[in-house]
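Listed below, chain by chain, are the residues.
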Amino acid sequence: LQSGLCDAVHILTPPDNHAELAIRALQAGMHVLVEKPVALTATEVQNIADAAKTANRRFHAGHNFLGLPSYERLKTQIARGAIGRISSAELCWNYPFAPLRSGPFGIWPLRSPQNLLLELGPHLMGAAVDLFGQVSIESVQLGHFIELPDGGARPQSWRILARAGDVELTFALSLVETVDDRALTIRGSTARARLDLAADTLVLDSENCSDLMLNPFRRQLALSWQHLHLGTGNALRQLVSLNRQSPYALSFQGMMRSVYDPVRDNRPPDARFSADSAVQVAQALDGALAKAKFAPQPTRRPGTAKPPSPTVMVVGGTGFIGRALTRALAAQGTHVRVVSRRTTGLFDDLADRVETQAVSLRDEGALQQAMSGIDTVFNLARTVDQDWDSCLQNDVAVAERIAQAALNTGVRRLIYTGTIASYDMSDPGVTITEATGFAEDMSDRNLYARSKAECERRLMALHDSRGLPVIIARPGIVLGRGGPLQHWGIGRWHGAGAVRIWGNGRNILPFVLIDDTVDALIRMAETDAIEGEDFNIVGAPLLSARDYFDAIEDLCGARIRASTGHLHLMYAADAVKHILKSRVLRRASLTRPSLTDWKSRAHLTPFDTTKARSMLDWHPESDKAAFLRRAVADANLFGF
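Residues numbered from 1 in each chain as written. Predicted model: local features only at pLDDT ≥ 70, side-chain atom pairs only at ≥ 80, totals over all residues. Heavy atoms only, no water.

Peer 1: How should empty space enclosed by the protein be read in this particular structure?
Peer 2: Over the atoms a probe the size of a water molecule is rolled, and this reveals where empty space is left. Enumeration according to the criterion identifies six cavities of 30 Å³ or more in this entry. What lines the largest cavity is simply Pro37, Val38, Ala39, Val45, His63, Pro122, Ala278, Val281, Ala282 and Leu285. Top contributing element to the lining of the largest cavity by residue count: helix α8 (residues 275–291), with four residues. Class assignment for the residues of the lining of the largest cavity results in nine nonpolar, one polar and no charged. (1 Å grid on protein atoms, 1.4 Å probe; cavity = no way out; pocket = protein on both sides within 12 Å on 5 of 7 lines; lining within 4 Å. Points joined across faces, edges and corners; volume = space filled by probe spheres on them. Helix = DSSP H or I, 4+ residues; strand = E, 2+ residues; numbered from the N terminus. Nonpolar A, V, L, I, M, F, W, Y, C, P; charged D, E, K, R; others polar.)

As structure tokens, this is what we get:
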């Protein structure tokens, strides 16, 4: 701010500090664009607007979906009277919010029940305010409460009845695993308009003047033509732009133009993103929260008479496996220190046995301090990176840094979680054991598999050269309560209802229950003289991908459309994309396509886990009915 090098500040930090940062930027003479939710209350939003007025600068709200081309067409159709006198509108956000069921639970939207509406509500409230004016809330109903690990509950559905002038409004939000239906439906005296926010399509349904027999035919023909026209146009636009103009990207591009073009040209601000609109949206959200009746929340215990004395540290304790591991350790009386970006919320109900420390994984000194008094360290950390250099920095270097801290502090044992994905699993004619090893050159494997393999290589080198007491665990496809429905180890998901399986889906997959995975990890900490060993944590060979989806239909009543993925065609498509990205878009550090990598995603090669069973005395679930009950029936896959 003091350098004078910029004219505007775009604020994308967690919402609880939006107001403070926006006001600081405005007072320093900057224009500001604040992502939704602009702030936590209408009062805070008004304070930002007042600061902008005082500083003679502009304040805009980041309601990106109002920048969609189809939304602009909707406003044009309303202005020209194509919909007629509008009587009602239904604004829907029916879209799965996976963290409610599988975490991470420490993210801002889940820190309080109110945050879910503050996070998602602006998409709909912003449109309602822009189209119809000030929104007055009449009633709020909440449903489908889901229990979080710390005992709190969050609603997965919101139904809000409101009014704006003469227009009756219904806001419907559903976060369970459902078909993507994010849309505005506006009913008028002349036509009904439906705007699909996710697809950037606007369809008008209206009567015609034909006789009784031709009238319905013409009506459906008109709808079919609109869908064909819009679908073809969107597909061509995606193809020509090489997927750079998706509806989501277009919404931000439209918002940016509407915000910054008037700033540059000294024109009045676009009303969609103006300060006045932001205040009205916040007032409507305040009104909805005031009428919402949330489930009682657990009593927080910021401290106990006797704080825990951790002997075990879990890095990555807020992930699926990390949460289950931490709770299992606490249940057997072990005191645990969890390294996390957030220090409250997730394990508040275990405050006498679990403490959470905010430690940067880039700070070796802080890691060493966190390991003080620690006997065993579990490293379950992982990152999702887009290039190899980032993997080396954010994954491999972090694993080495944790190992170095463990060496310096004299930790008795370091247990690192790799992945079976690092293996070449393309040949069904061989069997993988821990002696199989990885390929010498993994530059043609996906970044996750390659990065985890490199972490293992460097950790074992430290074991050989400096005696690092490391043990490697490689979990298979982990299933169970707290895990996601849309597990990418099985296939490429398209929402909750459709998946393209890696391969034909008939080979047995390396599934393992979360409870059995945690049991194996704890046994690695407790079994003597196994430093330097590695273990593949895969359950009994019970299910193929198709068996799994059949079980979901039988036990949950949900039929998922599972289609075959032809691995050679997937590889060919990947090769074409690689050529376009490297030669047309000029992107560097791309992983070259590999048929072996695509075949390995299908897990064609079986595993022999004799080593884990014998050395750890580990006995994963082998009864198919019991496995399905724990992996499917009791797993709360759909959020109901």
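Still more to cover.
Peer 1: Explanation requested: the sheet that holds strand β22 (residues 561–563) in the structure shown.
Peer 2: Strand pairing in a sheet is mediated by backbone hydrogen bonds. Such pairs are either parallel or antiparallel. Taking strand neighbours across the sheet as the criterion, the three strands line up as β18-β19-β22 in an open arrangement whose pairing is mixed. The open sheet has two edge strands with one neighbour each: β18 (491–493) and β22. Sheet twist, expressed as the average angle between the axes of neighbouring strands with direction ignored, equals 20 degrees. Pairing geometry for strand β19 (residues 498–501) and β22, over three bridges, is parallel. Looking across to β22, one finds that alanine 498 is bridged to arginine 561. (Pairing = 2+ DSSP bridges. Axes fitted to C-alpha atoms, helices over the stretch in contact; angles between N-to-C directions.)

Peer 1: Explain the packing of helix α14 (residues 545–556) against helix α18 (residues 624–633) to me, please; I cannot follow it from the model alone.
Peer 2: Contact pair α14 / α18: the axes reach a minimum separation of 10 Å and the direction vectors enclose 75 degrees. As judged from the angle between their axes, α14 and α18 are roughly perpendicular. Side by side, α14 and α18 meet where Tyr548, Ala551, Ile552, Leu555 and Cys556 of the first sit next to Leu628, Val632 and Ala633 of the second. Class assignment of the residues belonging to the contact of α14 with α18 gives a composition of eight nonpolar, no polar and no charged. (Parallel < 35°, antiparallel > 145°, perpendicular 65-115°, else oblique. Contact = heavy atoms within 4.5 Å.)

Peer 1: How should the environment of glutamine 280 be read in this particular structure?
Peer 2: Mapped onto the elements, glutamine 280 comes out in helix α8. Among the residues examined, glutamine 280 registers a relative accessible area of 24% and is labelled partly exposed. With sequence-adjacent residues up to four places away left out, glutamine 280 is seen in contact with Val129, Gly133 and Gln134. (Buried < 20%, exposed > 50% of the residue type's maximum accessible area, 1.4 Å probe, protein only.)

Peer 1: Mind showing me how you'd approach the pattern of salt bridges here?
Peer 2: When their charged atoms lie close together, side chains carrying opposite charge are able to pair. Going through the model one piece at a time under the given rule, you end up with 38 salt bridges. In this structure, the salt-bridge partner of glutamate 138 is arginine 163, at a minimum N-O distance of 3.5 Å. Of the two residues, glutamate 138 is situated in strand β5 (residues 136–147) and arginine 163 in strand β6 (residues 153–164); the sequence distance between them amounts to 25 residues. Looking at arginine 163, the relative accessible area reads 30%, which means it is partly exposed. (Salt bridge = Lys/Arg side-chain N within 4 Å of Asp/Glu carboxyl O.)

Peer 1: Could you clarify how one ought to interpret the pairing of strand β15 (residues 413–417) in this entry?
Peer 2: Where a strand is regular, its side chains alternate between the two sheet faces. Counting buried positions along β15 gives five out of five residues, so the element sits mostly inside the fold. The pairing of strand β14 (residues 376–379) with β15 spans four bridges and is classified as parallel. By the bridge assignment for β15, phenylalanine 378 is matched with isoleucine 415. Looking at chain direction, β15 and strand β16 (residues 470–475) are connected through four bridges and run parallel. Within β16, the residue paired with isoleucine 415 across the bridge is isoleucine 471. Handedness of the crossover is the feature at issue here: the chain leaves β15, passes through helix α12 (residues 447–466), returns alongside β16, and the resulting connection is right-handed. (Right-handed = clockwise from strand over helix to strand, strands pointing away.)

Peer 1: Just to check I follow, could you spell out α14 for this structure?
Peer 2: Three- or four-residue spacings in an α-helix give side chains the same orientation, since the helix completes a turn every 3.6 residues. Here α14 spans 16 Å end to end across 12 residues, near enough to the 16 Å set by a 1.5 Å rise per residue. The complete set of buried residues in α14 reads Ala545, Tyr548, Phe549, Ala551 and Ile552. Within α14, the buried residues cover an arc of 155 degrees as seen down the axis, which keeps them to one side. Buried residues along α14 sit in contact with β17 (477–479), β18, β19, β20 (511–513), β22 and α18. (Expected span 1.5 Å × (residues − 1). Arc of directions from axis to C-beta.)

Peer 1: How should I be thinking about unusual backbone geometry in this particular structure?
Peer 2: As a rule of thumb, non-glycine residues mostly have phi less than zero, and peptide bonds are mostly trans rather than cis. Cis geometry is adopted by the peptide bond preceding proline 37, which originates at lysine 36 and carries an omega value of -10 degrees. Checked against the element boundaries, proline 37 lands in the loop between β2 (31–35) and α2 (42–55). The phi torsion at histidine 144 lies on the positive side, around 50 degrees, for a residue other than glycine. Tracing the backbone shows histidine 144 in strand β5. With a phi angle near 55 degrees, alanine 529 is a residue other than glycine that sits in the positive phi range. One can find alanine 529 in the loop between α13 (514–526) and β21 (534–537). Overall, the relative accessible area of 69% leaves alanine 529 in the exposed class.

Peer 1: Any chance you could explain the packing of α2 against α8 here in plain terms?
Peer 2: Two quantities define a packed helix pair, namely the angle between the helix axes and the distance between the axes. It is at 8 Å that the axes of α2 and α8 come closest, and there the two elements cross at 170 degrees. Taken as axis vectors, α2 and α8 run roughly antiparallel relative to one another. Facing Ala42, Val45, Gln46 and Ala49 of α2, the residues of α8 in contact are Ala275, Ala278, Val279, Ala282, Gln283 and Asp286. Residues belonging to the contact of α2 with α8 are distributed by class as follows: seven nonpolar, two polar and one charged.

Peer 1: Sorry, what's going on with the pairing of β2 here?
Peer 2: In terms of residue burial, β2 counts as a mostly covered element, since five of its five residues are buried. In β2, alternate side chains face the same way, and those of His31, Leu33 and Glu35 on one face and Val32 and Val34 on the other are all buried. Sheet analysis places β2 next to strand β3 (residues 59–62), joined by four bridges and oriented parallel. The partner of glutamate 35 across the bridge, within β3, is glycine 62. A crossover connection joins β2 to the parallel β3 through α2; in handedness this β-α-β unit is right-handed.

Peer 1: How should the sheet that holds strand β1 (residues 8–11) be read in this particular structure?
Peer 2: Reading across from one edge, β1-β2-β3 is the order of the three strands in this open sheet, with parallel pairing throughout. Edge positions in the open sheet fall to β1 and β3, since each of these has one partner strand only. Between one strand and the next, the sheet's axes are offset by a mean angle of 15 degrees, whatever the strand orientation.

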